[in-house]
Amino acid sequence: SEYVASLIGQGVSIEYFIEGGRSRTGRLLAPKGGMLAMTLRAFLRQPRRPVLFQPVYIGYEKLMEGSSYLDELSGKPKEKESIWGLLVGVPRVLRSNYGRVVVNFGEPIRLDDILSRHAPDWREYSGDSERKPEWMAAAVDDLAERIQVGINGAADVNAMNLLALALLSTPNQAMAESDLLAQLQLSRTLLEAVPYASRVTVTDLDPAAIIAYGEEVGILARTRHPLGDVLGFKGDQAVLQSYFRNNVLHLFACAAWVACCFQTNRRMSRSGVVRLGRLVYPFIQQELFLPWTEEEFGERLHATIAVLVEQGLFSFDNESGQLQRGPGQTDEVFRLRVIAHSLLQAFERYYIAIAVLVKNGPGTVSSAELENLCHLTAQRLALLYSQAAPEFFDRSLFRGFIAKLRELGFVRVGEGGKLHYDDRLEGWARDSKLILSRELRHSILKITPEMARAVREEVPAEPVVPSGEDPG
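Definitions and cut-offs
- Residues numbered from 1 in each chain as written.
- Predicted model: local features only at pLDDT ≥ 70, side-chain atom pairs only at ≥ 80, totals over all residues.
- Heavy atoms only, no water.
- Helix = DSSP H or I, 4+ residues; strand = E, 2+ residues; numbered from the N terminus.
- Buried < 20%, exposed > 50% of the residue type's maximum accessible area, 1.4 Å probe, protein only.
- Areas by Shrake-Rupley, 256 points an atom, 1.4 Å probe, with all protein chains shown as cover.
- Phe/Tyr/Trp six-rings, centres within 6.5 Å; stacked < 30°, edge-to-face > 60°.
- Salt bridge = Lys/Arg side-chain N within 4 Å of Asp/Glu carboxyl O.
- Patch = residues over 30% accessible without salt bridge, like charges linked within 9 Å, V, L, I, M, F, W, Y side chains within 5 Å.
- Pairing = 2+ DSSP bridges.
- 1 Å grid on protein atoms, 1.4 Å probe; cavity = no way out; pocket = protein on both sides within 12 Å on 5 of 7 lines; lining within 4 Å.
- Points joined across faces, edges and corners; volume = space filled by probe spheres on them.
- Nonpolar A, V, L, I, M, F, W, Y, C, P; charged D, E, K, R; others polar.
- Disulfide = S-S within 2.5 Å.
- Contact = heavy atoms within 4.5 Å.
- Axes fitted to C-alpha atoms, helices over the stretch in contact; angles between N-to-C directions.
- Parallel < 35°, antiparallel > 145°, perpendicular 65-115°, else oblique.
- Left-handed = near helix turned anticlockwise from the far one by under 90°.
- Expected span 1.5 Å × (residues − 1).
- Bend = angle between axes of the 7 residues up to and from the residue.

A. A look at the overall build of the protein chain. A tally of helices and strands in the protein chain yields 19 helices and 14 strands. For the protein chain, buried positions account for 48% of its 472 residues. When the accessible surface of the protein chain is summed, it comes to about 23200 Å², and 52% of that surface belongs to carbon and sulfur atoms.

B. The packing of aromatic side chains, seen in detail. A full pass over the atoms with the stated rule returns 12 aromatic pairs. Between Trp257 and Phe347 the ring centres are 4.9 Å apart and the planes differ by 80°, which places this aromatic pair in the edge-to-face class. Of the two residues, Trp257 is situated in helix H11 (residues 253–260) and Phe347 in helix H14 (residues 331–360); the sequence distance between them amounts to 90 residues. Considering the side-chain rings of Tyr281 and Phe297, the 4.4 Å spacing of their centres and the 20° angle between planes classify their relative orientation as stacked.

C. Region of interest: the pattern of salt bridges. Summed over the entire model, instances satisfying the criterion amount to 18 salt bridges. Notably, a salt bridge pairs Asp142 with Arg117, separated by 3.8 Å at the nearest N-O pair. Highlighted residues: Asp142 in helix H6 (residues 136–152) and Arg117 in helix H5 (residues 111–118), separated in sequence by 25 residues. In this structure Arg117 comes out as partly exposed when scored by relative accessible area, which is 45%. As a salt-bridge pair, Lys404 and Glu407 come within 3.3 Å of each other at their nearest N and O atoms. Of this pair, Lys404 and Glu407 both sit in helix H16 (residues 395–407), separated by 3 residues, roughly a single helical turn.

D. Layout of a nonpolar patch on the surface. A surface patch of nonpolar side chains, amounting to about 500 Å² of accessible area, comprises Val56, Ile58, Tyr60, Val101, Val103 and Phe105. Breaking the nonpolar patch down by element, the ones donating at least two residues are strand E2 (56–59) and strand E3 (102–105). The topology assignment puts Phe105 in strand E3. The class for Phe105 is partly exposed, based on a relative accessible area of 48%.

E. Spatial organisation of the pairing of strand E9 (residues 230–233). In the sheet, strand E6 (residues 174–176) pairs with E9 via 3 bridges, with the strands oriented antiparallel. From the neighbouring strand, Met175 faces E9, where its bridge partner is Leu231. Sheet analysis places strand E8 (residues 220–223) next to E9, joined by 4 bridges and oriented antiparallel. Paired with Leu220 across the bridge in E9 is Phe233. Counting the residues between successive antiparallel strands, the hairpin from E8 to E9 contains 6 residues, one of them, Gly228, with a positive phi of roughly 130°.

F. Highlighting the layout of surface pockets. When its volume is computed, the second largest pocket comes out at roughly 1500 Å³. Considering the residues around the second largest pocket, the lining is formed by 50 residues, among which Tyr16, Phe17, Val56, Ile58 and Ile151 are closest to the centre. When residues of the lining of the second largest pocket are traced back to their parent elements, those giving at least two are helix H2 (34–45), strand E1 (52–53), E2, helix H3 (66–73), H6, helix H10 (237–247) and helix H12 (270–288). A total of 4 residues in the lining of the second largest pocket trace back to one element, the largest contributor, which is H6. Grouping the amino acids of the lining of the second largest pocket by side-chain chemistry returns 28 nonpolar, 12 polar and 10 charged.

G. The arrangement of the state of the cysteines in detail. Taken as a whole and judged by the stated rule, the model has 0 disulfides. In this structure Cys260 is not part of a disulfide, and its nearest cysteine sulfur, from Cys261, lies 7.1 Å away.

H. Spotlight on the environment of Ile339. Considering the arrangement of structural elements, one finds Ile339 in helix H14. Sequence-wise, Ile339 and Phe252 are 87 residues apart; in three dimensions their C-alpha atoms are separated by 8.0 Å. With residues near it in sequence (within four places) discarded, Ile339 still touches Gln183, Leu186, Leu190, Ala255, Ala256, Ala259, Leu308 and Leu313.

I. Main features of the packing of helix H8 (residues 177–193) against H14. In the contact formed by H8 and H14, the axes pass within 11 Å of each other and the chain directions differ by 60°. One finds that H8 runs oblique with respect to H14. Seen along the crossing, H8 lies across H14 with a hand that is right-handed. Residues Asp179, Ala182, Gln183, Leu186 and Leu190 of H8 pack against Asp331, Phe334, Arg335, Val338 and Ile339 of H14. The residue inventory of the contact of H8 with H14, partitioned by class, reads 6 nonpolar, 1 polar and 3 charged.

J. Expanded view of H14. Between its first and last C-alpha atoms H14 spans 41 Å; for 30 residues at 1.5 Å apiece the expected length is 44 Å, and the two agree. The largest bend in H14 comes to about 50°, at Leu343. Counting buried positions over the 30 residues of H14 gives 23, a clear majority of the element. Once H14 finishes, Gly361 follows within two positions and takes phi at roughly 90°, a positive value.

K. Here's a closer look at H8. In this model H8 runs 24 Å from its N-terminal to its C-terminal C-alpha over 17 residues, within 8% of the 24 Å that 1.5 Å per residue would give. If you check which residues of H8 are buried, you get Leu180, Gln183, Leu184, Leu186, Ser187, Arg188, Thr189, Leu190 and Leu191.

L. Local environment of the packing of H14 against helix H17 (residues 423–431). Packing of H14 against H17 brings their axes to within 9 Å, and their N-to-C directions diverge by 120°. By the angle between their axes, H14 is oblique relative to H17. The hand of the H14/H17 crossing is left-handed. For the pair H14 and H17, the contacting residues are Tyr351, Ile354, Leu357 and Val358 in the first and Leu425, Glu426, Trp428, Ala429 and Asp431 in the second. Its residues assigned to classes, the contact of H14 with H17 comprises 7 nonpolar, no polar and 2 charged.

Right, here's the structure in full:
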């Protein structure tokens, strides 16, 4: 802390990563506030020079440590670097094509603006004081959130991101070339018609050039066929490509929500799509570090629906206000399914937690027990029905969702640490049929109070880390 204070006082630039470690899924991790708190205290001690936080987004097209990434996803610890490993690895790296690296800079964040928002009289506080001001934790949390939002707002969408978004949505991670071309063009259209942020950059390659580039760098494999070529990922590339899909998930949150609403039903009112989207938004905002208010998210949903109607994926009846997708297995329905897939499992996680809680009833499970039940349920569903993304049954994501439910007042902790909820959550459980398939709903209904009691012994004890502090 003294070292940081010395550097800040001298005006020296410092680089650090507030997630506390590298992401194994390609998504931003929940920030840790330790270094931010040190920086804030150092500035308060010597506020002679202004302090700016500069969010930086680094986008890759191919991972050098792909094999170690696969090992870590399966639960193996990260191997330590060594001189021998470096000497052995350099020739292999130099012989391979790893594409381009893009570095984008987000909107700078002034520390004094953050402080003025949380404590207008912050200049009267001495950073040398042993007393921690009441506003410190909130200021650190706000700063951390803004940095993550700034990083996402400077994303670069490259060819690998778009290929991963499309191909990972299919059971065999492969598509007919004509379908892939259409899906790539739709993704580009959505990015251009409803821009996420002014600092987001998108590859200038057209769909045909994106496919050619994927083949050039050794990601895509082409299978020749008389009825049309099929393109898919080579070998174990499918798992690796989940990293690149997750880099840009936040850019397609609006489109994915709209498409998800039509996976299990053909018709829904425009107002219904927007209403439910605004309900789920606080949770997806927390998970993906989205920048909008609920009202702004609703406006973006309206704009996204207009684009999808224009592209022929929906028809809209002005009199009834109903959106309708096509029947059966049309090309339009296929493209909607691809759009939905990128975030479908995130939305499924939310409804799994709500459905499990409501199924067991108020006052029956604690936060830790609900987290464990959700983890086990999602794990089982992945084994039964689909090849889920690595984060589908991540405990930390369920933990964050449950914490958000408590923060928003949907649930409260009662006697014995058990969770109680109000009628709004039962309404959410009824709405789950719009997102969850019949098979998933049937499996969730099997999670009875007896099962909940049976898994209590498996709940791990975890330390409680105060907000704004770094557990490391």
